[in-house]
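Fold and contact review
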Amino acid sequence: MCEAGYYAGWLASSIMIGRAVSAVPWGWVSDRAGRVPVMVVGNAGISITALLFGFSTSLSAAIGARALMGLISGGLVGTAKVCVGELFPEAHQPRAMGMLGATWGVGILLGPVLGGWLTRPYGRLPGPLGSSELLRDFPYALPCIALSALSACSALITQLCVPESLPKRLVDAKAGGDSRGWGARDRGARGAADWPRASGTCGASGRSRYAQLERALPDDAERAPAVESAQLPAALRDADVLSTTPRRARAWYCERPFVASMCVYAAWSFASLMLDEVVALFALATLGFSAVEIGSASAFSGLPLIAFQLFVFPTVVRRLGARRALIAAGCVVAPVALAIPLSAELRGGARWALLVFGLVSKTCIQSAGFTTLFILTNNAVVQAHRGVANGVGTVVSAIAKALGPAVGGPLFDWSIEERHGAGSALWARVGHYCVFVFAALLCLLSAALTSCSPPSLDRRREAAAHGADAPLPAVPPPASRDDDAPRALQSSDGGEDKPARGALARRLRGGTLPLAAAAAVATWDEVELDHAHDGRRRTHASA
């Protein structure tokens, strides 16, 4: 049993190590080559390495296949979040991100069911699957074959159906050696989805004025102190396109919005993963539930999670804003964490009902928190750096996934450790509450950190006020085929254009759904790790 837990730990850790190593490089590639190629390569990599893992004949080969899967697919989920953030107008971000978050519910609901049903098919399933000698020698190959087929389909759908959200001019600028497009102050670093629309600047007239503005602006924004209205043609003097005096800004990864978003990301990830580990150990060691019963309760939370992400999450974020929604999530999940250990005082169906309620509530709120973090991370930087920024977020999440269980497990052991002498009877009854109190305090700490973050995180970085932290505002660039895909479907007054509603609906179906398929495949692969974690938890609890 101890060896099984040891092997499960290595299998679970290898893919996370691979993703942590490759997330930032893949984000760098997506900022230069585009979002779609990275997602296609990630899905294709999962398709190949899943077969290698399913047909591996030794522990070292299995660990190597999982590590290679993490290295190749490290940028898949992060790039999908960036692509969703760029394909849709800011007003529709909660709805689009909610659809992406709902795919995690699909993975939680279907991953364990399909994986468990396809495992060890020899002599159990009807037809050729139950009599195959190959599947007898490789009992875990069939679910890996299914995962490989799904990943291959996802790669094909992504290539054919998902529009490229990175404007072609950014790719061409970098390919041509022009590094100005990648600075936080450069006007060329802005995507087509984020160019503000000014009245009277559309069509041929708008393109002409944009060309005049490009000729009037200086080539070196750092050396030029300002752009005076006298330098511009008369047609542009009243266009409200002049910025304040440019100042030398810090590197984008040192600016407060990005640093604050990563600190919140780290705190929320650590608190969530630690709470997950503590709840699993509590249900196994204290309540006496089996791993199958806990897995069934977790799978049951998939349906409420899908409904919550599709209907509740967009409404909450629209009304409160992303920052306040995350603060509310931290304040709500803390009482839920404190309510879960109360199930030890109940018996029979009441104990099971309270545990299921706690698991479902915790899963929905934590998933909503992570989805909100996706929005905050995209809002923290300009379009040219969103790939790398989400790669850093993936690294932070991977480190939290390692530290959360590593801290939660020993704390839980300490909380249920047998005490002798005075107070031993009281400690045996309430000791397990201590670790849940600590987890609740961590959730409140993440909410406090979110409240200290800059309010500018509620809006896209390009929509920030004019200043050193924002690029130069400009007239919309000429429309092109490459730039039409990510253009925001909004009118000049911030509302949605009525003729564009049909196009928005088509984009929701044609853009988010293929991305949802890609994320669901990655989620299934992620849920597979839960079986390995369950083996390690059972070993931990039995020890």
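Just so we're clear, the structure is a prediction, and the values are computed from it rather than from any experiment.

1. With respect to the overall build of the protein
Within the protein one finds 20 helices and zero strands. Here the protein displays about 23,300 Å² of accessible surface, and carbon together with sulfur accounts for 64% of that area.

2. So, the confidence of the model for the protein
Residues with a pLDDT of 70 or more make up 66% of the protein, whose mean pLDDT is 75. Ignoring residues within four places in sequence, the model shows residues 178–229, a span with pLDDT below 50, making 121 contacts including any to other chains. In the predicted structure, residues 463–501 sits below a pLDDT of 50 and forms 100 contacts with residues beyond four places in sequence or in another chain.

3. Brief notes about the environment of Gly78
Inspection of the secondary structure assignment puts Gly78 in helix H4 (residues 76–87). Exposure remark for Gly78: the relative accessible area of 7% places this residue in the buried category. Ignoring sequence-local partners within four residues, the contact set of Gly78 consists of Asn390 and Thr394.

4. What about the packing of aromatic side chains?
Going through the model one piece at a time under the given rule, you end up with five aromatic pairs. Among the aromatic residues, those joined into a ring-pair cluster are Trp252, Tyr253 and Phe258. Lying over the aromatic face of Phe53, Arg66 brings its terminal NZ or CZ to 5.0 Å of the ring centre. Here Arg136 stacks its cationic end above the ring of Tyr122, 5.7 Å away from the centre of that ring.

5. Regarding the pattern of salt bridges
Summed over all chains, the structure comprises seven salt bridges. Across the pair Asp137 and Arg136 runs a salt bridge, and its minimum N-O distance is 3.7 Å. A salt bridge links Lys362 to Asp276; the nearest nitrogen and oxygen atoms lie 2.6 Å apart. Note that Lys362 is positioned in helix H15 (residues 349–380) and Asp276 in helix H11 (residues 256–286), a separation of 86 residues in sequence. You can call Lys362 buried: its relative accessible area is 5%. Given the relative accessible area of 22%, Asp276 is considered partly exposed. Within the structure, one salt-bridge network assembled from shared partners comprises Asp31, Arg35, Glu86 and Arg386.

6. Description of unusual backbone geometry
Even without a glycine there, the phi angle at Arg120 is positive, about 50°. Looking at the secondary structure, you find Arg120 in the loop between helix H5 (93–118) and helix H6 (128–131).

7. Re the nonpolar core
Counting residues in hydrophobic clusters, the biggest one holds 79 residues, and the most contacted among them are Leu373 and Phe436. With 15 residues, H11 is the single largest residue contributor to this core. Excluding residues that lie within four positions of it along the chain, Phe436 makes contacts with Leu275, Val278, Val279, Phe282, Ala337, Leu338, Ile340 and Pro341. Counting six residues, the second largest nonpolar core, distinct from the first, contains Leu118, Leu125, Leu135 and Leu142.

8. Section: helix H8 (residues 141–161)
Taking 1.5 Å per residue as the helical rise, H8 with its 21 residues ought to reach 30 Å, and the 30 Å between its terminal C-alpha atoms agrees with that figure. For H8, every residue scored as buried is listed here: Ala141, Leu142, Pro143, Cys144, Leu147, Ser148, Ser151, Ser154, Ala155 and Thr158.

9. A word on the state of the cysteines
Tallied over the full model, the rule gives zero disulfides. With no disulfide of its own, Cys331 lies 9.9 Å from the sulfur of Cys443, the closest cysteine sulfur.

What counts as what
- Residues numbered from 1 in each chain as written.
- Predicted model: local features only at pLDDT ≥ 70, side-chain atom pairs only at ≥ 80, totals over all residues.
- Heavy atoms only, no water.
- Helix = DSSP H or I, 4+ residues; strand = E, 2+ residues; numbered from the N terminus.
- Areas by Shrake-Rupley, 256 points an atom, 1.4 Å probe, with all protein chains shown as cover.
- pLDDT = per-residue confidence, 0-100.
- Contact = heavy atoms within 4.5 Å.
- Buried < 20%, exposed > 50% of the residue type's maximum accessible area, 1.4 Å probe, protein only.
- Phe/Tyr/Trp six-rings, centres within 6.5 Å; stacked < 30°, edge-to-face > 60°.
- Lys NZ or Arg CZ within 6 Å of the ring centre and 35° of its normal.
- Salt bridge = Lys/Arg side-chain N within 4 Å of Asp/Glu carboxyl O.
- Core = buried A, V, L, I, M, F, W, Y, C linked by side-chain atoms within 4.5 Å.
- Expected span 1.5 Å × (residues − 1).
- Disulfide = S-S within 2.5 Å.

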